[in-house]
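Descriptive structure summary
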Amino acid sequence: MTIHDHPGKERIDAVRAFNRFYTRQIGVLDEGWLKSNFSLTEARVLYELAHRDGLVASDLVRDLGLDPGYVSRLLKKFEERGLVEREATEADARRASIALTPAGREAFAPLNQDSHDQVRALLDRLAPVDQDRLVKAMRIVQDLLGDRPEPKVPYILRPLEVGDIGWVTRRQGMLYAQDYGWDETYEALVAEILGEFVKKFDPKWERGWIAEREGEVVGSVFVVRKSDQVAKLRLLYVEPSARGLGIGKRLVEECIGFARARGYKTLTLWTNDILTAARHIYQAAGFKLTEEEPHHSFGKDLVGQNWDLEL
């Protein structure tokens, strides 16, 4: 990493300002968490114990980023108050699992309910569409800072919906500008292709798929009719945040299956040689490179490639 990669003071100040703002919103600087007798850290430990089974002290240290000595003293305090109990684990008699006692669950219940009510009151100030925006923004923060578990369903494929055409046009233009330095003429080409797709769409012979991950569009692909015998695979893309999940491979497989079911004899596509990830997907799916031709497009000297798959 070079010095130019480090965040500037403006970005650092913005994150710190957000931290101060959100701290005020959720009231963590109150004398007690949610005006209870528990501190914020104590409440976090109670929450983990209420929602996870088989925890040991080291789990709390690791997952909450706490000092081992502090956790040990805190658990001892909870034991003395009758809030938690320990039991040796089957795997290792030297390690004791920690669980809430009935008294501990009784103490945690109002904390949990008050937290629920506090967040509900916060969201009630917003219109439903703004509630969705807020939740999505929070998901983005968690994704970028690496604090979210992988979803149980990595992604879904769905048909096109209103708004998808504009989104795909914009994202493809942005991504290829960022990754390869292509200019606005590529975005114009995508807009032209998708505009024609919508105007001439024939559901019997053509199809578009959107890959969606937790409510966000993360990829797309289209099959367009060229003739009775030939279909074209167009505009395959996957968001950087969703790469490595097999989405590109799955989208291409959907195109192949659709083309075969409709009786096409050949599925063809055109791409550029610098799109190496896509080329590997096409090769794995059985496409054969049939022609290469140098050209100047999107502000770059490129090599265009034609690929065919006999169905």
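Residues numbered from 1 in each chain as written. Predicted model: local features only at pLDDT ≥ 70, side-chain atom pairs only at ≥ 80, totals over all residues. Heavy atoms only, no water.

Comments concerning the environment of Val56
Structurally, Val56 can be placed in the loop between α2 (40–51) and α3 (57–64). Taking the relative accessible area as the measure of exposure, Val56 reaches 6% and is therefore buried. Separated by 40 residues in sequence, Val56 and Ala96 place their C-alpha atoms 6.0 Å apart. (Helix = DSSP H or I, 4+ residues; strand = E, 2+ residues; numbered from the N terminus. Buried < 20%, exposed > 50% of the residue type's maximum accessible area, 1.4 Å probe, protein only.)

Quick notes on the environment of Gly215
Examined against the element boundaries, Gly215 turns out to sit in the loop between β4 (207–213) and β5 (216–225). Counting along the chain gives 169 residues from Gly215 to Leu46, while the straight-line C-alpha distance between them is 31 Å.

Comments concerning a nonpolar patch on the surface
On the surface, a nonpolar cluster with roughly 440 Å² of combined accessible area is contributed by Ile140, Val141, Leu144 and Leu145. Looking at where Ile140 falls in the secondary structure, it is placed in helix α6 (residues 128–145). With a relative accessible area of 45%, Ile140 lands in the partly exposed category. (Patch = residues over 30% accessible without salt bridge, like charges linked within 9 Å, V, L, I, M, F, W, Y side chains within 5 Å. Areas by Shrake-Rupley, 256 points an atom, 1.4 Å probe, with all protein chains shown as cover. Salt bridge = Lys/Arg side-chain N within 4 Å of Asp/Glu carboxyl O.)

Observations regarding the packing of aromatic side chains
Inspection of every chain in the model, using the stated rule, returns 14 aromatic pairs. A ring pair is formed by Phe197 and Phe222, whose centres lie 5.2 Å apart and whose planes are at 70°; its orientation type is edge-to-face. You can see Phe197 sitting in helix α8 (residues 184–199) and its partner Phe222 sitting in strand β5, a full 25 residues away along the chain. The exposure class of Phe222 is buried, given its relative accessible area of 1%. Each member of the aromatic cluster is reached from another via a ring pair, and the members are Tyr176, Tyr180, Trp182, Tyr186 and Phe298. (Phe/Tyr/Trp six-rings, centres within 6.5 Å; stacked < 30°, edge-to-face > 60°.)

A few points about the packing of helix α9 (residues 247–261) against helix α10 (residues 276–285)
What describes two packed helices is the angle between their axes and the distance between those same axes. In the contact formed by α9 and α10, the axes pass within 10 Å of each other and the chain directions differ by 45°. By the angle between their axes, α9 is oblique relative to α10. Seen along the crossing, α9 lies across α10 with a hand that is right-handed. For the pair α9 and α10, contact is made by Gly248, Lys249, Val252 and Ile256 and by Ile281, Tyr282 and Ala285, respectively. Here the contact of α9 with α10 is composed, by residue class, of five nonpolar, one polar and one charged. (Axes fitted to C-alpha atoms, helices over the stretch in contact; angles between N-to-C directions. Parallel < 35°, antiparallel > 145°, perpendicular 65-115°, else oblique. Left-handed = near helix turned anticlockwise from the far one by under 90°. Contact = heavy atoms within 4.5 Å. Nonpolar A, V, L, I, M, F, W, Y, C, P; charged D, E, K, R; others polar.)

Some remarks on the pattern of salt bridges
Following the criterion strictly, the structure yields 19 salt bridges and no others. A salt bridge links Asp179 to Arg243, with the nearest nitrogen and oxygen atoms 3.9 Å apart. Pair noted here: Asp179 is in helix α7 (residues 164–180) and Arg243 is in the loop between β6 (230–238) and α9, with a separation of 64 residues, a long-range link. Given the relative accessible area of 39%, Asp179 is considered partly exposed. The closest approach of N and O atoms between Lys200 and Glu196, which form a salt bridge, is 3.1 Å. Here the residues in one salt-bridge network are Glu48, Arg52, Asp59, Arg62 and Asp63, joined through shared partners.

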